[in-house]
Amino acid sequence: MSDLKEAGFKSSDIIVALAAVFDGYNDEERKAQIKKTNGIFELRIKNAEGKEGIWTIDLKSTGTVYKGAAKSKANVTILMSDETFQDLAAGKTDGQKAFMTGKLKTKGNMMFATKLDGVLKAAQTKAKL
């Protein structure tokens, strides 16, 4: 779990909490989340120093979160700042608003990126992100 942590990224705490929620799912909950989302998010987050951290949320096959680029092709790559990801996870902003204001950029299936809000909200009900 601690291998998800990245020094200098406040977002890594949120990602560790998200992974803990996924790990806490029983098989039925995991399958339901995979069926509902059915895809892979690659998150590329830049911190205040300009350093980039990469994490992948796999809700296509494994229902896990891991550090690094997607092992199989991601449905969407989402590029944003550390601060923007924290705001998304806290519900202070949504993905569409962040996209429209240029705080979030996507590569790949832009419509799939809208599912990230749902994934974060589902995790919020299980754990305080």
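How each quantity is defined
Residues numbered from 1 in each chain as written. Predicted model: local features only at pLDDT ≥ 70, side-chain atom pairs only at ≥ 80, totals over all residues. Heavy atoms only, no water. 1 Å grid on protein atoms, 1.4 Å probe; cavity = no way out; pocket = protein on both sides within 12 Å on 5 of 7 lines; lining within 4 Å. Points joined across faces, edges and corners; volume = space filled by probe spheres on them. Helix = DSSP H or I, 4+ residues; strand = E, 2+ residues; numbered from the N terminus. Nonpolar A, V, L, I, M, F, W, Y, C, P; charged D, E, K, R; others polar. Pairing = 2+ DSSP bridges. Axes fitted to C-alpha atoms, helices over the stretch in contact; angles between N-to-C directions. Contact = heavy atoms within 4.5 Å. Buried < 20%, exposed > 50% of the residue type's maximum accessible area, 1.4 Å probe, protein only. Parallel < 35°, antiparallel > 145°, perpendicular 65-115°, else oblique.

J.: Talk me through the layout of surface pockets; I want residue IDs and the actual numbers.
T.: In this model, the largest pocket occupies a volume close to 230 Å³. Along the wall of the largest pocket there are 15 residues; nearest its centre are G95, Q96, F99, M110 and T114. Looking at the lining of the largest pocket element by element, the count peaks at four residues for helix α4 (residues 95-100). By residue class, the composition of the lining of the largest pocket is nine nonpolar, four polar and two charged.

J.: Pulling in residues and values, what's your account of the sheet that holds strand β4 (residues 76-81)?
T.: One open sheet accounts for five strands, arranged β3-β2-β1-β4-β5; its pairing is mixed. With one partner strand each, in any of the chains shown, β3 (64-67) and β5 (104-108) form the two edges of the open sheet. In this sheet, neighbouring strand axes are inclined to one another by 20° on average, regardless of whether the strands run parallel or antiparallel. Lying over the sheet, helix α3 (residues 82-90) contacts β1 (39-46), β4 and β5, oriented at roughly 105° with respect to β4. Helix-sheet contacts for helix α6 (residues 115-126) involve β1, β2 (52-59) and β4, and the interaxial angle to β1 is about 90°.

J.: I'd like a rundown of the environment of G39, residues and numbers included.
T.: Looking at where G39 falls in the secondary structure, it is placed in strand β1. Spatially, the C-alpha atoms of G39 and K73 are 9.5 Å apart, while their sequence positions differ by 34 residues. Look past the residues within four positions of G39 in its chain and what remains in contact with it is I57, D58, L59, K60, N75 and F112.

J.: For the environment of A113, give the residues involved together with the corresponding values.
T.: Within the element layout of this structure, A113 appears in helix α5 (residues 110-113). For A113, a relative accessible area of 14% gives the class buried. Each C-alpha atom of the pair A113 and L88 lies 12 Å from the other, and the pair is 25 residues apart in sequence. Excluding residues that lie within four positions of it along the chain, A113 makes contacts with F41, V76, I78 and T106.

J.: Can you tell me about the packing of helix α1 (residues 11-24) against α6, naming the residues and giving the values?
T.: Following both chains from N to C, one finds α1 and α6 inclined at 75°, their axes separated by 10 Å at the closest point. One finds that α1 runs roughly perpendicular with respect to α6. Residues L18, V21 and F22 of α1 lie in contact with α6, whose contacting residues are V119, L120, A123 and K126. Of the residues that constitute the contact of α1 with α6, the class distribution is six nonpolar, no polar and one charged.

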